[in-house]
Amino acid sequence: MQPTDDAVIHVVDDDAAFRRSLVFLLESVGWRVASHASAEDFLATQAGSPEAPACLVLDIRMPTMSGLELQERLRAGGTLPPIVFITGHGDVELAVQAMKHGACDFLQKPFKDQALLDAVAAAVRRGAEDRSRHAQRDEAKARLARLSPRELEVARLVAQGLPNKLVARELDISEKTVHVHRQHVMEKTDTSSAAELARLMLRADPAALD
């Protein structure tokens, strides 16, 4: 993935010399970079900021608050960006733990410059894909939120492929009432078929039709 004007890579590492080298490398290929000497410094600069990090390049071991602790803080707050962890010798177990908690990758020192550039590009790409999926999910939820509770019941059964007659039997209402609800569902959700409605419901919640 090529660097973009709106993507900011945040480097968080307590080793000033190493941090500067990472910033120089990333800026040399066109990334916008923000540098932080600690996890606390990163959190302070992010407070109230409307711009979410495109990627965090994060040292796994730091004084006071470690990279893992920062990851957990962000995850608990529901704002976990893509993370590439930098680890030292003997930190592989910690890195595996970080991956299980949602990190994109980890690099063990010493590593090649291109390995970092590739990891950051992949992380930014993953973050963009995640944001796109979340936007589609939120848009689908907003369209379904227009439905009344009864219309939502009808929508779920229609999306499962049931004809009006079986929907009526399932909900103990008349087939004519089902037809009216079905029309309202299609109009309110801006869908034109049961298949399209099913796709919309699955975008909003992958378990919606279970």
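Look above for the structure.
Source: prediction; values computed, not measured.

### A closer look at the packing of helix α7 (residues 164-171) against helix α8 (residues 175-189)
Phase 1 of the analysis: α8 packs onto α7 with a crossing angle of 105° between their chain directions and a minimal axis gap of 8 Å. Relative to α8, α7 is oriented roughly perpendicular. The residues of α8 that touch α7, namely those facing Asn164, Lys165, Val167 and Ala168, are Glu175, Val178, His179 and Arg182.

### Focus on the packing of aromatic side chains
Working definition: an aromatic ring pair is given by the centre-to-centre distance plus the angle between the planes.
Phase 1 of the analysis: Under the counting rule described, the total for this entry stands at one aromatic pair.
Phase 2 of the analysis: An angle of 75° between the planes, with centres 6.2 Å apart, marks the rings of Phe18 and Phe111 as edge-to-face. Of this pair, Phe18 sits in helix α1 (residues 16-28) while Phe111 sits in the loop between β5 (105-108) and α5 (113-144), and the two are 93 residues apart along the sequence.
Phase 3 of the analysis: The aromatic ring of Phe18 is capped on one face by Lys109, whose charged end is 4.4 Å from the ring centroid.

### With respect to the nonpolar core
Phase 1 of the analysis: Residues Ile9, Leu26, Trp31, Cys55, Val57, Leu116 and Val120 are the most contacted members of the largest nonpolar core, which totals 24 residues.
Phase 2 of the analysis: Mapped by element, the contributors of at least two residues to this core are β1 (8-12), α1, β3 (55-59), β4 (83-87) and α5.
Phase 3 of the analysis: Among the elements that make up this core, the one with the highest residue count is α5 (six residues).
Phase 4 of the analysis: Membership of the second largest hydrophobic core comes to 20 residues, among which are Val167, Ala168, Leu171 and Leu200.

### Some points on the pairing of β1
Phase 1 of the analysis: Buried residues dominate β1, accounting for five of its five residues.
Phase 2 of the analysis: In terms of strand pairing, β1 meets strand β2 (residues 32-36) through five bridges, oriented parallel. What sits directly across from Val12, in β2, is His36.
Phase 3 of the analysis: In this region the chain leaves β1, passes through α1 and returns to the parallel neighbour β2; the handedness of that crossover is right-handed.
Phase 4 of the analysis: Here four bridges tie β1 to β3, and the two strands are oriented parallel to one another. Each bridged residue has a counterpart across the sheet, and for Val11 the counterpart in β3 is Val57.

The rules behind each value
- Residues numbered from 1 in each chain as written.
- Predicted model: local features only at pLDDT ≥ 70, side-chain atom pairs only at ≥ 80, totals over all residues.
- Heavy atoms only, no water.
- Axes fitted to C-alpha atoms, helices over the stretch in contact; angles between N-to-C directions.
- Helix = DSSP H or I, 4+ residues; strand = E, 2+ residues; numbered from the N terminus.
- Parallel < 35°, antiparallel > 145°, perpendicular 65-115°, else oblique.
- Contact = heavy atoms within 4.5 Å.
- Phe/Tyr/Trp six-rings, centres within 6.5 Å; stacked < 30°, edge-to-face > 60°.
- Lys NZ or Arg CZ within 6 Å of the ring centre and 35° of its normal.
- Core = buried A, V, L, I, M, F, W, Y, C linked by side-chain atoms within 4.5 Å.
- Buried < 20%, exposed > 50% of the residue type's maximum accessible area, 1.4 Å probe, protein only.
- Pairing = 2+ DSSP bridges.
- Right-handed = clockwise from strand over helix to strand, strands pointing away.

No statement about biological role is implied by the geometric values presented.
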